[in-house]
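Residue-level listing of the chains:
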Amino acid sequence: MKKNIIVGQSGGPTAVINASLWGVVKEGLAHREEIGKVYGMVHGIEGFMAGRYLDLSAMEEEELDLMKMTPAAYLGSCRYKLPEDLSDICYRELFEKFRQMDIGYFFYIGGNDSMDTVSKLARYADSNGIDIKVVGIPKTIDNDLILTDHTPGYGSAAKYVASTVREIVLDSSVYQQKAVTIVELMGRHAGWLTAASVLARKHPGDNPLLIYLPEMDFDMEQFAHDVEAALEKQPNVIICISEGISDARGQFICEYADAARLDTFGHKMLAGCGKVLENFVRDRFGVKARSVELNVNQRCSGMMASETDIEEAAMAGSWGVKAALEGATGIMAAFFRKNSSPYEIECRGVDVSLVCNQEKKFPEEWITEHGTDIGEGFLDYVLPLIQGEPERKMENGMPVYAYRKAD
């Protein structure tokens, strides 16, 4: 008897999360003998619980192919945490909806908190003898999921960061007076994105001269010494920092100015450390100082997406469907690097319960110069992930994207 697929997207979007969605849909449609329809949850598990979903198997081929190249989350996202208690009534209600829709396969595309949802649903299905295969498809620009070489979304975000910082470096070099530009990048506890700014250098000793990650304690006085030394080397200094840099006491630098608010998962919403350091540099050195916060551009720039990232994201979605059809459940599709030169990876399943609520930090052995620079080992790791320029459909000089009609 045919069963249906349901797939959702959760958490912060990326430039390639829809490529994973495309992979799930295309692979599902390729198995018509086993799969009936492919449904999409509108605004994730939260929207689905409110009865919001659509039939993705009814999409026109052209629109479906546009989806693969479209940034953000086509289905809409959510930040909804399922109860820890698996006896909560919401699980019975949720699985009753699955039963009514003949759902046999559940796929969730997301990061740490999304994998928590996958783990809970898989455990509930198993403990109640319900035959629904539950599989997580990874995504996050933060690259902080464990048990995988990297995550879809990171390569494109890293490429955006490197390219944009390189342009900032060029812009800052046109004036001769001393100036410091601080670029604030996403990364609450893991510095993977900020580390990518090292790719902006055209030669050794080029800007950005200083790079600070949250994995290392940040000290304001040491920072002052670092800036002073950098200004002695050249008049225009670019500094890249993670939003989550904190001092030895664990206090975020952004909190030096104001208390950080909390999101629905209890995570501190960080922004503003660039402005704190901008004011510090201006007051301390009397030079021109400015801060630039790249913000959501890091995750929504489809025009800067790497072809490698797009194809790997699609592969993860496709692999997840194949694994579920073979009986796998309670897993996340993970990347294993078989070779770096030439670059080659493969997908494998890992226990999603081991992945969720964990964070992969940037390796300390790749942090050099007393916490102000990034080592060569990282370059070997990251360069393959930013390669390739995909063919994009353009119209009147603008990219053409897939848009879900308002419901």
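So, here is what we can say about the structure in this document.

Rules of the game
Residues numbered from 1 in each chain as written. Predicted model: local features only at pLDDT ≥ 70, side-chain atom pairs only at ≥ 80, totals over all residues. Heavy atoms only, no water. Helix = DSSP H or I, 4+ residues; strand = E, 2+ residues; numbered from the N terminus. Rg over C-alpha atoms; globule rule 2.2 N^0.38 Å. Buried < 20%, exposed > 50% of the residue type's maximum accessible area, 1.4 Å probe, protein only. Contact = heavy atoms within 4.5 Å. Areas by Shrake-Rupley, 256 points an atom, 1.4 Å probe, with all protein chains shown as cover. Lys, Arg positive; Asp, Glu negative; His and termini not counted. Charge placed at Lys NZ, Arg CZ, Asp CG, Glu CD. Pairing = 2+ DSSP bridges. Axes fitted to C-alpha atoms, helices over the stretch in contact; angles between N-to-C directions. Expected span 1.5 Å × (residues − 1). Arc of directions from axis to C-beta. Polar contact = N/O pair within 3.5 Å; in protein donor to acceptor, adjacent residues only side chain to side chain. Core = buried A, V, L, I, M, F, W, Y, C linked by side-chain atoms within 4.5 Å. Phe/Tyr/Trp six-rings, centres within 6.5 Å; stacked < 30°, edge-to-face > 60°. Lys NZ or Arg CZ within 6 Å of the ring centre and 35° of its normal.

**Digging into the overall build of the protein chain**
Okay, step 1: Across its full length, the protein chain holds 13 helices and 17 strands.
Okay, step 2: Against the 2.2 N^0.38 benchmark of 22 Å for 407 residues, the protein chain shows a C-alpha radius of gyration of 22 Å, consistent with a compact globule.
Okay, step 3: For the C-alpha atoms alone, the extent of the protein chain along its principal axes is close to 75 × 45 × 40 Å.
Okay, step 4: Out of the 407 residues belonging to the protein chain, those deemed buried represent 57%.
Okay, step 5: Considering only contacts in the protein chain between residues 6 or more positions apart, those separated by 24 or more positions represent 76%.
Okay, step 6: When the accessible surface of the protein chain is summed, it comes to about 17,600 Å², and 49% of that surface belongs to carbon and sulfur atoms.
Okay, step 7: Looking at the protein chain, you have 42 positive and 61 negative side-chain charges, and the mean spots of the two groups are 3 Å apart.

**As for the sheet that holds strand β11 (residues 288-293)**
Okay, step 1: Taken in spatial order, the four strands make up an open sheet running β7-β8-β6-β11, and their pairing is parallel. Each end of this open sheet is capped by a strand with a single partner; those strands are β7 (210-212) and β11. Direction aside, neighbouring strands of the sheet carry axes that sit 15° apart on average.
Okay, step 2: Taken together, the six bridges between strand β6 (residues 179-185) and β11 define a ladder with parallel strand orientation. Note that in β11 the partner of Val183 across the bridge is Val292.

**Describing the pairing of β6**
Okay, step 1: Counting buried residues along β6, seven of its seven residues qualify, which places the element largely inside the surrounding structure.
Okay, step 2: Burial of the side chains of β6 extends over both faces: Ala179, Thr181, Val183 and Leu185 are buried on one face and Val180, Ile182 and Glu184 on the other.
Okay, step 3: Sheet topology places β6 next to strand β8 (residues 236-242); seven bridges connect them, and they run parallel. The residue bridging Glu184 from the neighbouring strand is Ile241, located in β8.

**Here's the deal with helix α4 (residues 89-100)**
For an α-helix the count is 3.6 residues per turn, leaving residues at separations of three or four pointing the same way.
Okay, step 1: Between its first and last C-alpha atoms α4 spans 17 Å; for 12 residues at 1.5 Å apiece the expected length is 16 Å, and the two agree.
Okay, step 2: When we look at burial in α4, the residues that qualify are Cys90, Tyr91, Leu94, Phe95 and Phe98. Seen along its axis, α4 keeps its buried residues to an arc of 125°; they face one direction. For α4, the exposed residues set more than 90 degrees away from the buried face come down to Arg99 and Gln100.
Okay, step 3: Regarding α4, its N-cap is Asp88, as a side-chain oxygen of that residue lies 2.9 Å from the backbone nitrogen of Cys90 further along.
Okay, step 4: Positive phi appears at Asp102, one or two residues downstream of α4, with a value of about 55°.

**Things to note about the nonpolar core**
Okay, step 1: The biggest cluster of nonpolar side chains holds 40 residues, and the ones touching the most others in it are Ile5, Leu21, Leu56, Met67, Tyr74 and Phe107.
Okay, step 2: Take this core: its biggest share by element is eight residues, from helix α11 (residues 307-325).
Okay, step 3: What Leu21 contacts, discounting residues up to four positions off in sequence, is Val7, Gln9, Leu56, Met67, Tyr74, Leu75 and Ile109.

**Focus on the packing of aromatic side chains**
The description of an aromatic ring pair uses the distance of the two centres, along with the angle that the planes make with each other.
Okay, step 1: By the definition in use, this model includes 21 aromatic pairs.
Okay, step 2: With a centroid separation of 6.1 Å and an interplanar angle of 55°, the aromatic rings of Phe48 and Tyr53 are classed as tilted.
Okay, step 3: For Tyr53, a relative accessible area of 41% gives the class partly exposed.
Okay, step 4: Aromatic pair Trp192 and Trp366: ring centres 6.3 Å apart, planes at 90°, arrangement edge-to-face. Of this pair, Trp192 sits in helix α7 (residues 192-195) while Trp366 sits in the loop between α12 (352-355) and β14 (367-368), and the two are 174 residues apart along the sequence. Per residue, the accessibility class of Trp192 equals that of Trp366, and both read buried.
Okay, step 5: Here a set of aromatic residues connected by ring pairs shows up, and it is made of Tyr39, Phe48, Tyr53, Tyr91, Phe95, Phe98, Phe106, Tyr108 and Tyr124.
Okay, step 6: Just above the ring of Trp22 sits the side chain of Lys68; from NZ or CZ to the centre is 4.2 Å.

Remember, this is a structural readout, not a statement about activity or role.
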